[in-house]
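Structural features, examined
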Amino acid sequence: MRDGKDARREPTAWRKGLARWLRSVMAVGLMAAGIVSAAAAANGSAAANGSAAANAADAAGKGAPNPAGSGSVYVIPVKQTVESGLASFLNRALTEAEEAEASLAVLAINTPGGELKSAEAIGDRIRASKVPTLAFVEGDAASAGAYIALNAGKIVMAPGSAIGAAMVVDASGQAVESPKVVSFWSSKMKAAAEMNGRNGDIAVGMVNPDLTVEMKEIGRTKAKGEILSLSAEEALKVGYADALAGSVDEAVAWYGLKDWTTVKVEPTVAERVASWLTGVTTLLLILGIAGIVIELFVPGFGVPGIVGIAAFALYFFGQYVAGFAGMESVVLFILGVVLLVLEMFVPSFGILGLLGAAGVIAGIVIAAYDTGDALKSLGIASLAALVVIAIVVYIFRKRGIWNRFILRESLTAEQGFIPNEDRRIWVGKEGVTLTPLRPAGVAEVEGQRIDVVSLGEFIDAGRKVRVVTADGTRVVVKEADKE
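Fair warning: this is a prediction, and the values are worked out from it, not measured in the lab.

Rules behind the numbers
- Residues numbered from 1 in each chain as written.
- Predicted model: local features only at pLDDT ≥ 70, side-chain atom pairs only at ≥ 80, totals over all residues.
- Heavy atoms only, no water.
- Phe/Tyr/Trp six-rings, centres within 6.5 Å; stacked < 30°, edge-to-face > 60°.
- Helix = DSSP H or I, 4+ residues; strand = E, 2+ residues; numbered from the N terminus.
- Buried < 20%, exposed > 50% of the residue type's maximum accessible area, 1.4 Å probe, protein only.
- Patch = residues over 30% accessible without salt bridge, like charges linked within 9 Å, V, L, I, M, F, W, Y side chains within 5 Å.
- Areas by Shrake-Rupley, 256 points an atom, 1.4 Å probe, with all protein chains shown as cover.
- Salt bridge = Lys/Arg side-chain N within 4 Å of Asp/Glu carboxyl O.
- Axes fitted to C-alpha atoms, helices over the stretch in contact; angles between N-to-C directions.
- Parallel < 35°, antiparallel > 145°, perpendicular 65-115°, else oblique.
- Contact = heavy atoms within 4.5 Å.
- Nonpolar A, V, L, I, M, F, W, Y, C, P; charged D, E, K, R; others polar.
- pLDDT = per-residue confidence, 0-100.
- Core = buried A, V, L, I, M, F, W, Y, C linked by side-chain atoms within 4.5 Å.

Comments concerning the packing of aromatic side chains
Using the criterion set out here, one finds 4 aromatic pairs in the structure. Between Phe 312 and Phe 333, the aromatic rings sit 4.5 Å apart at their centres with planes inclined by 50 degrees, giving tilted as the arrangement. Of this pair, Phe 312 sits in helix α12 (residues 303-321) while Phe 333 sits in helix α13 (residues 327-343); the two residues are 21 residues apart in sequence, bridging distant segments of the chain. Taken individually, Phe 312 and Phe 333 each receive the classification buried, so the pair is uniform in this respect.

Some remarks on a nonpolar patch on the surface
Together, Ile 334, Val 338, Leu 342, Phe 345 and Val 346 make up an exposed nonpolar region whose accessible area comes to about 430 Å². Turning to its location among the elements, Val 346 is positioned in the loop between α13 and α14 (351-367). Overall, the relative accessible area of 38% leaves Val 346 in the partly exposed class.

Let's talk about the packing of helix α3 (residues 84-99) against helix α4 (residues 116-127)
A pair of packed helices can be characterised by two numbers: the angle between their axes and the separation between those axes. Where α3 contacts α4, the axes come no closer than 9 Å and their chain directions differ by 10 degrees. Judged by the angle between their axes, α3 and α4 are roughly parallel. Taken together, the residues of α4 that come into contact with α3 (itself represented by Ser 84, Leu 86, Ala 87, Leu 90, Asn 91, Leu 94, Thr 95 and Glu 98) are Ser 118, Ile 122, Arg 125 and Ile 126. A per-class count over the contact of α3 with α4 returns 6 nonpolar, 4 polar and 2 charged.

Details of the confidence of the model for the chain
With 77% of its residues at a pLDDT of at least 70, the chain reaches an overall mean of 78. Taken as a whole, residues 1-63 scores under 50 in pLDDT and shows 42 contacts with residues more than four places along the chain or in a different chain.

Remarks on the environment of Gln 319
Secondary-structure assignment places Gln 319 in helix α12. By relative accessible area, which is 3% here, Gln 319 ends up buried. The spatial distance from the C-alpha of Gln 319 to the C-alpha of Leu 277 is 8.0 Å, given a sequence separation of 42 residues.

A few points about the nonpolar core
Core analysis: the biggest nonpolar cluster contains 55 residues, and Met 157, Ile 163, Met 189, Ile 202, Met 206, Leu 230 and Tyr 240 have the highest contact counts within it. Considering every element that reaches this core, the biggest residue donor is α3, with 7 residues. Leave out the neighbours within four places in its chain, and Met 157 touches Phe 136, Val 137, Ala 162, Ile 163, Ser 231, Ala 232, Ala 235, Ala 241, Ala 243, Leu 244 and Ala 245. Residues Leu 284, Ile 286, Val 365 and Ala 374 belong to the second largest nonpolar core, which totals 25 residues.

Concerning the side chain of Lys 188
By the secondary structure assignment, Lys 188 is in helix α6 (residues 179-195). Accessibility expressed as a relative area gives 19% for Lys 188, which makes it buried. Lys 188 has contacts with Glu 120 and Tyr 147, leaving out every residue within four places of it along the chain.

Shown next, in the form of structure tokens:
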């Protein structure tokens, strides 16, 4: 779903009340179990085995959340650039975990970051999850990856991993210095950190190089001009990691689950392809626009037309699999193309062309993840496609469609074409009308039937006439007896 919301029906009021009552009973039971477990641990009864949960807790210096002891754990990989395809995949994975009533969803993170809007959508979906979430940082949770991790309920990091470096950059990797953008992203990072009781200034220090952040826990101060990044050990000390663990299983054990069932959610082949396609939308639009327009201007269905159709098909396929496009966008696009083609052959004073362009633009924009980004990509693609079209049209200018509307051949006598004879030779000659002239008719002049016309008067058949003038194809006669 585009908005990432759960489509299941909301429970009725009595079900909500029953659920709250059951949770209260379970909480009391868990508290009692915790007291018993603590007493047993004090007496040394649990020291013989030394489970992975105890080891992880010792390393972290913190107690685990200690939820229900068993259940299913959904492990969701976040190991690619953060973009709209990843947002769609995470939405599907979390939805599956919710429908299965899983005990925990683990986000296995190792990403260099990516698009801010996609990261924001992912963060919203994580916060709205009906399943508890845990971010396990396997490698790097950089930039947008740090924001995703901060939105999870708990953060566990592997030794040697890092989190931070969330400065906003453009497509070329240069820092974005817009105060508005930096302030907005800083506030998003700070809110995500403080939501789970973490120091919001540290999150801002990962974004804003102008901020000075003192971290007494690790004896370090982020100076002005630096972007903050924390190692796993540093993150643990400043509260940006709840524990250290060497694997997902250790992280789940630290969380407090026992005898759980691991369900690994992987992107399907279609989702992998869609993820790649949504990252090259501008290129697909350039190829699509240029290919279709070139095919219209250069006769013969060939490579440009095939490339254009394939590019648009891949564009809509990627957006559809990612969950952004519906059939309405495809219908609008096809209808727009048909209208544009009709405009070239049916005179409509530009109406069909305007409607066609509107249909094409609407189809492309509606199918995209973000309207603003879609319009920007479409604008860039249109300019690039115009350059390609101009070059191709110039090269094939002698074969263009405009040649169909221009007569370039000369009909000469040398080629066997005989022009109309000069009718001025009939001037002054006499003949007889074969049909009545009203005022046009047929007369016989010197043995030849010719089309003639009177000066306006009626001349009956069989009357003697004289040719008085010949203008182009018109031979004018006058009744000879009245001269």
